[in-house]
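Observations on chain architecture
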Amino acid sequence: RASWAQAPAAASAEKTDKATRIAVVDISHLFENYGKWKDYAEERKVEKEQIEADYKAQQEKLVEVATMLNELKAGSPDYAKKEAEAAKLKANLESFKTIKQREFARREMQMQQAIYNEIQEAIGKVGEHNGYTVVLQHLRSDGDNGNPRRLQAQMNQPVVWHRKRDDVTDAVLEYLNRRYQAKAGGVTPASGTRPAAKKAPVKQAAE
């Protein structure tokens, strides 16, 4: 009975020794400025342009065959052949668009998940390194009062105030970009910017 009675007291002492320290982070800002996501966005743009070019080429081929079909006599062997070719091109065009859109969305979802996992890991490293016990999601105010959706999101978020020194966004971003560039063999962060020391006076996590 004595040991059972002492258990709550021990747990209480442990909580007292390790006070809760809370930090905030803007995950959307990390996504937008993480070099890996930026590079992927560029690759995605090039790929999308190529898909659109392929789709356009197939469209032009279909128009060409349709034009030739109109010049042929209905019911003739050549007409039937071109009609079958036009039907096949049309079916391929529709399936091409559907398949590419599905593949594009699947790869983007996979990349988003991978990037989020990296961001989450980096937040944990920076938070642990600086002695934080909890890190909350917080949407920074970008000064854009003309964006009602962003303003509404800021008004609805649970964090309404925090000390600037407890915002670890810039520290996490610098850690992510530094690690990404090190793996890529570069030096300068892919975001092209470095966080100001005054804005994020938290220590960088060791890699």
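Here, every reference points to the structure presented above.
The following paragraphs examine the structure supplied in this document. (Residues numbered from 1 in each chain as written. Predicted model: local features only at pLDDT ≥ 70, side-chain atom pairs only at ≥ 80, totals over all residues. Heavy atoms only, no water.)

Before going further, it helps to examine the packing of helix H3 (residues 35-70) against helix H4 (residues 77-129). In the contact formed by H3 and H4, the axes pass within 9 Å of each other and the chain directions differ by 170 degrees. The orientation of H3 with respect to H4, classified from their angle, is roughly antiparallel. Looking at side-chain class alone, the contact of H3 with H4 contains 16 nonpolar, 4 polar and 15 charged residues. (Axes fitted to C-alpha atoms, helices over the stretch in contact; angles between N-to-C directions. Helix = DSSP H or I, 4+ residues; strand = E, 2+ residues; numbered from the N terminus. Parallel < 35°, antiparallel > 145°, perpendicular 65-115°, else oblique. Nonpolar A, V, L, I, M, F, W, Y, C, P; charged D, E, K, R; others polar.)

Further remarks concern the side chain of Arg44. By the secondary structure assignment, Arg44 is in helix H3. With residues up to four places along the chain from it excluded, the contact list for Arg44 reads Trp37, Phe104 and Glu108. (Contact = heavy atoms within 4.5 Å.)

Turning our attention to H4. Between its first and last C-alpha, H4 extends 77 Å over 53 residues, near the 78 Å set by a 1.5 Å rise per residue. Where H4 terminates, the next one or two residues include Gly131, which has phi positive at roughly 80 degrees. (Expected span 1.5 Å × (residues − 1).)

Right, let's talk about the environment of Leu89 for a bit. Its location among the elements puts Leu89 in helix H4. Considered as a pair, Leu89 and Val65 are 24 residues apart in the sequence and their alpha carbons are 8.9 Å apart. In this structure, Leu89 is in contact with Lys61, Leu62 and Val65, ignoring residues within four places of it in sequence.

This brings us to helix H6 (residues 169-184). Taking 1.5 Å per residue as the helical rise, H6 with its 16 residues ought to reach 22 Å, and the 22 Å between its terminal C-alpha atoms agrees with that figure. In this structure, the buried side of H6 is in contact with strand E1 (22-25), helix H2 (27-33), H3 and H4.

There is a patch of nonpolar side chains on the surface, built from Ile22, Val134 and Leu136 and spanning about 210 Å² of accessible area. Considering the arrangement of structural elements, one finds Ile22 in strand E1. Given the relative accessible area of 44%, Ile22 is considered partly exposed. (Patch = residues over 30% accessible without salt bridge, like charges linked within 9 Å, V, L, I, M, F, W, Y side chains within 5 Å. Areas by Shrake-Rupley, 256 points an atom, 1.4 Å probe, with all protein chains shown as cover. Salt bridge = Lys/Arg side-chain N within 4 Å of Asp/Glu carboxyl O. Buried < 20%, exposed > 50% of the residue type's maximum accessible area, 1.4 Å probe, protein only.)

What follows concerns the pattern of salt bridges. If you walk through the whole model with that rule in mind, you get 8 salt bridges. Where Arg140 meets Asp167, a salt bridge forms, and the shortest distance between an N and an O atom there is 3.0 Å. With Arg140 in the loop between strand E2 (134-137) and helix H5 (148-156) and Asp167 in the loop between H5 and H6, this pair connects stretches of sequence that are 27 residues apart. Arg140 gets classed as buried once you look at its relative accessible area, which sits at 13%. Look at Asp167 and you get buried, because its relative accessible area is 7%. Here the salt bridges do not stand alone but share partners, grouping Arg140, Asp167 and Asp170 into one network.

Further remarks concern the side chain of Asp26. Note that Asp26 resides in the loop between E1 and H2. Of the polar contacts made by the side chain of Asp26, one reaches the side chain of Ser28; its length is 2.5 Å. Aside from chain neighbours lying at most four places away, what touches Asp26 is Gln137, His138, Leu139, Arg140, Arg150 and Thr169. (Polar contact = N/O pair within 3.5 Å; in protein donor to acceptor, adjacent residues only side chain to side chain.)

We now examine the nonpolar core. With 21 residues, the main nonpolar core has Leu30, Ile119, Ile123, Val168 and Val172 as its most contacted residues. For this core, the secondary-structure elements that each account for two or more residues are E1, H2, H3, H4 and H6. Of the residues forming this core, the biggest block, 6 residues, is contributed by H6. (Core = buried A, V, L, I, M, F, W, Y, C linked by side-chain atoms within 4.5 Å.)

Attention shifts here to the packing of aromatic side chains. In this structure the tally under the stated criterion is 4 aromatic pairs. Each ring, one from Phe31 and one from Trp37, has its centre 5.4 Å from the other, and the planes form 85 degrees; the classification is edge-to-face. For Trp37, a relative accessible area of 13% puts it in the buried group. A ring pair is formed by Tyr55 and Phe96, whose centres lie 6.4 Å apart and whose planes are at 15 degrees; its orientation type is stacked. Highlighted residues: Tyr55 in helix H3 and Phe96 in helix H4, separated in sequence by 41 residues. You can call Phe96 buried: its relative accessible area is 15%. Linked through ring pairs, Phe31, Trp37 and Tyr40 together constitute an aromatic cluster. We note Arg21 situated over the ring of Tyr132; from NZ or CZ to the ring centre the distance is 4.3 Å. (Phe/Tyr/Trp six-rings, centres within 6.5 Å; stacked < 30°, edge-to-face > 60°. Lys NZ or Arg CZ within 6 Å of the ring centre and 35° of its normal.)

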